[in-house]
Amino acid sequence: MELNIAICDDEVQNILQIGSYIDTYKIEYDHNLKVSAYNFPQSLLDAYIKPGMFHILFLSVEMPDMSGLELAKQIRQLPDRKVKIIFTSNYSEYMQYSFIVQAFDYLKNPISYEQFRDIMNRLIDEFREDTFSRLLVRNGEISELIDYSDILYFETIKNKRNRLRLVLRQDERIIMGTISEYEAVLKDNAFFLPHRSYLVNLRHVHYIAKNRIILDNKTSLPLSRKHESEMKKLFTKQILHIRQRG
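Residues numbered from 1 in each chain as written. Predicted model: local features only at pLDDT ≥ 70, side-chain atom pairs only at ≥ 80, totals over all residues. Heavy atoms only, no water.

**Student:** How should I be thinking about the packing of aromatic side chains in this particular structure?
**Tutor:** Geometrically, a pair of aromatic rings is defined through the distance of the ring centres and the angle of the planes. According to the stated counting rule, one finds 11 aromatic pairs in the structure shown. Seen from their ring centres, Tyr-148 and Phe-191 are 6.2 Å apart, and the 75° between their planes marks the pair as edge-to-face. Residue Tyr-148 is located in the loop between strand E7 (142-147) and strand E8 (151-156), and its partner Phe-191 is located in strand E11 (residues 191-195); the two are separated by 43 residues in the primary sequence. The pair Tyr-148 / Phe-191 is uniform in exposure class, with both members buried. Within the aromatic cluster, the residues linked to one another by ring pairs are Tyr-21, Tyr-25, Tyr-29, Phe-58, Tyr-113 and Phe-116. The ring of Phe-127 has Lys-84 lying over it, and the distance from NZ or CZ to the ring centre is 6.0 Å. (Phe/Tyr/Trp six-rings, centres within 6.5 Å; stacked < 30°, edge-to-face > 60°. Helix = DSSP H or I, 4+ residues; strand = E, 2+ residues; numbered from the N terminus. Buried < 20%, exposed > 50% of the residue type's maximum accessible area, 1.4 Å probe, protein only. Lys NZ or Arg CZ within 6 Å of the ring centre and 35° of its normal.)

**Student:** Is there a simple way to think about the environment of Leu-202 in this case?
**Tutor:** Structurally, Leu-202 can be placed in the loop between strand E12 (198-201) and strand E13 (205-209). On a C-alpha basis, the gap between Leu-202 and Leu-234 in space is 8.0 Å, while along the polypeptide they are 32 residues apart.

**Student:** What is the right way to look at the environment of Glu-181 in this model?
**Tutor:** Residue position: Glu-181 is located in helix H6 (residues 179-186). On a C-alpha basis, the gap between Glu-181 and Asn-162 in space is 10.0 Å, while along the polypeptide they are 19 residues apart. Side-chain polar atoms of Glu-181 contact the backbone nitrogen of Thr-178, separated by 3.1 Å. (Polar contact = N/O pair within 3.5 Å; in protein donor to acceptor, adjacent residues only side chain to side chain.)

**Student:** Could you clarify how one ought to interpret the pairing of strand E3 (residues 56-60) in this entry?
**Tutor:** Both faces of the sheet carry side chains from a regular strand, because those side chains alternate between them. Burial analysis of E3 places five of its five residues in the buried class, the great majority of the element. Sheet topology note: the strand E1 (residues 2-8)/E3 ladder contains four bridges and is parallel. Each bridged residue has a counterpart across the sheet, and for Cys-8 the counterpart in E3 is Leu-59. One crossover worth recording links E3 to the parallel strand E4 (residues 84-89) by way of helix H3 (residues 68-76), and it is right-handed. (Pairing = 2+ DSSP bridges. Right-handed = clockwise from strand over helix to strand, strands pointing away.)

**Student:** When you look at the sheet that holds E1 in this model, what are you seeing that I'm missing?
**Tutor:** Strand pairs in the sheet, formed through backbone hydrogen bonds, run parallel or antiparallel to each other. Reading across the sheet, the five strands line up as E2-E1-E3-E4-E5 and stay open at both edges, with parallel pairing between neighbours. Since the sheet does not close on itself, it has two edges, and those belong to strand E2 (32-38) and strand E5 (105-108), each with one partner. In this sheet, neighbouring strand axes are inclined to one another by 20° on average, regardless of whether the strands run parallel or antiparallel. (Axes fitted to C-alpha atoms, helices over the stretch in contact; angles between N-to-C directions.)

**Student:** What exactly am I supposed to notice about the layout of surface pockets here?
**Tutor:** If you roll a probe as big as a water molecule over the atoms, it shows you where there is empty space left. By volume, the largest pocket amounts to about 520 Å³. Considering the residues around the largest pocket, the lining is formed by 21 residues, among which Pro-51, Pro-79, Lys-82, Asp-150 and Arg-173 are closest to the centre. No other element matches the four residues that E7 contributes to the lining of the largest pocket. (1 Å grid on protein atoms, 1.4 Å probe; cavity = no way out; pocket = protein on both sides within 12 Å on 5 of 7 lines; lining within 4 Å. Points joined across faces, edges and corners; volume = space filled by probe spheres on them.)

Here it is, written out as structure tokens:
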């Protein structure tokens, strides 16, 4: 599994310790874990260019200028509500406050490798469960898990090989891959290819017009004559599925 991890602690020794634990864990369990380290909370915030760029955060509670708890609040307000936050502290008294920012866990220093391994195993289990309803996308060195329900459609970018425009409910991404690759992954999860340049999420199709698909955000996408009949069948099936669930 590939995960991006950030460590923020003003004590270099603590960063080195967690970093060494990550190296050991990578070898022991053969996971691709990428680590970024920050000595100051503001440095992490400056690097946090968009939600989803990190999967796991190890944050020290006691830091000058900004506590780990305040740092976590700002990260949640980005908003990044899905990143897993683990607090580290020399004291147990702050533990009760960690629940305000939906922390995954709270570790009191000194941290043993056994404690770290237990945390990581639980995190990996959660990420594996998430992959059933979330899609892993990549853009260069950045990997991100995105809920299927947030995806509107994928679009081929002309003259840019192996790059797609991923349009979400709130924003969009430029990601690596091809339409055919994502169609193979998502065809059993209510995604359909109405046109060779688009892969659409049937959950967000509002209605079908002549040669067009209209999404619930009023976006209009092309529908090829070749795929029109199958598109209508799948759309009807999706509506029935939604009604049955409701």
